[in-house]
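Examining the three-dimensional arrangement
Residue-level listing of the chains:
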Amino acid sequence: MNTLGTILKQTLEARNITCQLRQEDGNECYVCIGQEAFTETMQLLINQQWAELIGLWAVENFEAYSGFTLFYCFENRSMSELLLLEVRLKDKQAISLALDFPIACYFEREVRDGFGIEFEGAFDTRRLFLHEAYPDDFHPLLKSFKNRTLELKPEEQKGTDYVFKECKGEGMYQIPVGPVHAGVIESGHFRFGVMGETIFNLEIRHFYKHRGLEKLAENRKPVECVAIAESISGDESACNATAFSMAIEDINDCTVPKRAWEIRTILLEMERIYSHLGDMAGMQVDVAYPIGASPLFILREEILRYNAILTGSRFLKGMIIPGGLKQNIPFDKLKALNEYMVVFTERFEEAVKTADESSWVIDRFETTGIVSNKLIAPLNLTGPVARASGACIDTRHDHPYGIYSRLEIEIPVKQDGDVLSRFQVKAAEICNSIEIIRDIIKQIHQSEIYTPCLNKDGYALAVVEAPRGQNIHWVYVKNGLIDRYKVRTASFCNWLAIEHAVLGNIVPDFPVINKSMNLSYAGNDL
């Protein structure tokens, strides 16, 4: 079978470049190269336009190698397998890819903060998740650092403040917003460069509440890390628990029972529904149209209550574990959910119609916050943000997992890339999620919900389609414990889209542009 890995290996060998291909079970294949072959290999990938970079992370003392290994994750959506290029570093020096893959700038800054690895040729070497209060030469993901309470720098020793990019000119001024906001919202700083009320520049700085979740997972048993996965972002609990569990199941060659995957899928789609409902309602609140938002908020609350009925948790926590499910859901509860979905659909369609018929809403949504299709690949934009800008991509379709390969996954695509398009895409996805849930309930299997998952050593990658887009989880188990747990949520990349979407808009439009993407602060800052 021709995978991206086999194609790359054959091409490298034809050029007398030594490499090793390891085809793993699952959706990924690994090609290991030496550091001296890195530049030529990357140039080959760039020139051939075989794939786009979607992730980059470092591992210390991977397998038998004493040192640092970088993993570059590439995706070609016409192929089911993801390519992981494995590069063993001779020292803490690497070569930057940011000029060819712009999203690599963010990835490289994250690796630099975590491990102290420097990237030659990088055009942005500012800290990312380590703010000025952290000690110099502090890199928390090094094995030499033991997780503990950290003594931060006193105020007078913090040194140079973070340097924001400036947009200069006559009549230009800056509007700093945050990191503390009015209301129940997480910390984030938005630095606007404006002339009058028109936005000419925006730079976002997050990572004010860095929790160190990847470090927290180290040296824990896999089963203990499900709760960590669930806490990555509260409203993505099911999808992150599923992704983590998939990676552990892959390592252990564990086959999840059909009923467990069917119930998992129901929960994943319930999560998509309540997430999109909150977005669609919030967008109307931000344009002062509460009459359109209210029915959507009510429906969201009802879905959350059904979540609690089905699992005991409004946000679907404590249900999905490696090997399947922690508890079963009786058929009578699933039948009641199926019946409710009929009523839900009628009320949801009426609520969407109310918004569609409001000239006030359409006027504020249309042509506002446009995300250009040309940004999708360079910034690795996924989810509704990408689909509203003309990209027919969805991990459930491109890299099917669980039972998604046998389901009818409709991928709603709009071309305008504005707030209205994102509203319409999310509405269409809710309707498709309802169909998926009802179809599963009608033919759900009567089988076990759990298969014991052994505790083997190994590593595996899992990708899922969260409500916001593609989430990546890579897990490395050594001596029965988590040695490295890397997570990259859709929000990590999609936040960059807002910096472009606001350009040319006025400052009062920022809230609705922001809400139309509804990106996670917590899911961005692990």
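For the structure itself, consult the block above.
Since the model is a prediction, treat every value here as computed from it, not as a measurement.

Cut-off values and rules
Residues numbered from 1 in each chain as written. Predicted model: local features only at pLDDT ≥ 70, side-chain atom pairs only at ≥ 80, totals over all residues. Heavy atoms only, no water. Helix = DSSP H or I, 4+ residues; strand = E, 2+ residues; numbered from the N terminus. Rg over C-alpha atoms; globule rule 2.2 N^0.38 Å. Buried < 20%, exposed > 50% of the residue type's maximum accessible area, 1.4 Å probe, protein only. Pairing = 2+ DSSP bridges. Axes fitted to C-alpha atoms, helices over the stretch in contact; angles between N-to-C directions. Contact = heavy atoms within 4.5 Å. Polar contact = N/O pair within 3.5 Å; in protein donor to acceptor, adjacent residues only side chain to side chain. Nonpolar A, V, L, I, M, F, W, Y, C, P; charged D, E, K, R; others polar. Salt bridge = Lys/Arg side-chain N within 4 Å of Asp/Glu carboxyl O. Parallel < 35°, antiparallel > 145°, perpendicular 65-115°, else oblique. Left-handed = near helix turned anticlockwise from the far one by under 90°. Phe/Tyr/Trp six-rings, centres within 6.5 Å; stacked < 30°, edge-to-face > 60°.

With that settled, consider the overall build of the protein chain. On a plain count of helices and strands, the protein chain comes out with 16 helices and 15 strands. Computed over C-alpha atoms, the radius of gyration of the protein chain comes to 23 Å, within 12% of the 24 Å expected from 2.2 N^0.38 for 526 residues, which places it in the range of a compact globule. Taken over the C-alpha atoms alone, the protein chain extends approximately 70 × 60 × 50 Å along its principal axes. For the protein chain, buried positions account for 59% of its 526 residues.

The next point concerns the sheet that holds strand β10 (residues 198-205). What the three strands build is an open sheet, ordered β8-β9-β10; its pairing is antiparallel. What marks the edges here is a single partner per strand, and that holds for β8 (172-177) and β10. Sheet twist, expressed as the mean angle between neighbouring strand axes with direction ignored, is 20°. Pairing analysis gives six bridges linking β8 to strand β9 (residues 189-195), with the strands arranged antiparallel. Counterpart to Ile175 in the pairing with β9 is Phe192. Helix α15 (residues 490-501) rests against β9 and β10 of the sheet, and its axis sits at about 160° to β10.

Bringing the pairing of β9 into the picture now. Regular strands place side chains that alternate from one sheet face to the opposite one. Of all seven residues making up β9, six are buried, and the element is well covered by its neighbours. One ladder, built from seven bridges, connects β9 with β10; its direction is antiparallel. Along β10, the bridge assignment pairs Phe192 with Leu202. Between the antiparallel neighbours β9 and β10 lie two residues, among them Gly196 with a positive phi of about 70°.

Because each turn of an α-helix spans 3.6 residues, side chains separated by three or four positions end up pointing in the same direction. Among all positions in helix α1 (residues 4-14), only Leu4, Gly5, Thr6, Leu8 and Leu12 are buried. A positive phi of about 60° marks Asn16, the residue just after α1.

Looking at the element boundaries, Arg112 is found in helix α3 (residues 104-115). The exposure class of Arg112 is partly exposed, given its relative accessible area of 22%. It is 21 Å that separates the C-alpha atoms of Arg112 and Tyr521, two residues lying 409 residues apart in sequence. Beyond its immediate stretch of four places on either side in the chain, Arg112 contacts Ile117, Glu118, Phe119, Thr125 and His139.

With respect to the helices and strands, the residue Asp394 is situated in the loop between α12 (383-387) and α13 (395-398). Among the polar contacts listed, one links the side chain of Asp394 to the side chain of Arg396, at a separation of 2.8 Å. Not counting residues up to four positions away in its chain, the partners in contact with Asp394 are Arg387, Ile409, Ile411 and Glu465.

This part takes up the sheet that holds strand β14 (residues 469-478). The strand order across the open sheet formed by three strands is β13-β14-β15, and the pairing between neighbours is antiparallel. One side of each edge strand has no neighbouring strand; the edge strands of this open sheet are β13 (458-466) and β15 (481-488). Between one strand and the next, the sheet's axes are offset by a mean angle of 15°, whatever the strand orientation. Summarising the sheet, β14 and β15 pair through seven bridges and their orientation is antiparallel. Its bridge partner lying in β15, Ile472 is registered against Arg488.

Turning our attention to the packing of helix α6 (residues 237-251) against helix α7 (residues 258-285). It is at 8 Å that the axes of α6 and α7 come closest, and there the two elements cross at 145°. When α6 is examined against α7, the residues Ser237, Ala238, Cys239, Thr242, Ser245, Met246 and Glu249 are found in contact with a partner set consisting of Trp261, Arg264, Leu267, Leu268 and Glu271. Its residues assigned to classes, the contact of α6 with α7 shows six nonpolar, three polar and three charged.

Going through the model one piece at a time under the given rule, you end up with 33 salt bridges. With its nearest N and O atoms 3.8 Å apart, the salt bridge here joins Glu36 to Lys90. With Glu36 in the loop between β2 (28-34) and α2 (38-48) and Lys90 in the loop between β5 (82-89) and β6 (93-95), the pair connects residues that are 54 residues apart, well separated along the chain. Taking the relative accessible area as the measure of exposure, Lys90 reaches 66% and is therefore exposed. Between Asp483 and Lys143 there is a salt bridge, with the nearest N and O atoms lying 3.3 Å from each other. With a gap of 340 residues between them, Asp483 in strand β15 and Lys143 in the loop between β7 (118-120) and β8 connect regions that are remote in the sequence. On the basis of relative accessible area, Lys143 is assigned to the partly exposed category, the value being 23%.

What follows concerns the packing of α3 against α15. Between α3 and α15, whose axes approach to 11 Å, the crossing angle comes to 130°. Judged by the inter-axis angle, α3 sits oblique to α15. Crossing handedness for the pair α3 and α15: right-handed. Residues Tyr106, Phe107 and Glu110 of α3 form the contact with α15, whose participating residues are Phe492, Cys493 and Leu496.

What follows deals with the pairing of β15. Burial analysis of β15 places seven of its eight residues in the buried class, which makes it a mostly covered element. Between the end of β14 and the start of β15, which pair antiparallel, lie two residues, with Asn479 showing a positive phi angle near 55°.

Going through the model one piece at a time under the given rule, you end up with 33 aromatic pairs. Their ring planes at 80° and their centres at 5.1 Å tell us that Phe138 and Phe145 sit as a pair that is edge-to-face. Across the pair, Phe145 and Phe138 agree in class, each one buried. Three or more aromatic residues joined by ring pairs form one cluster here, namely Tyr30, Trp57, Phe62, Phe71, Tyr459, Trp474 and Tyr476.

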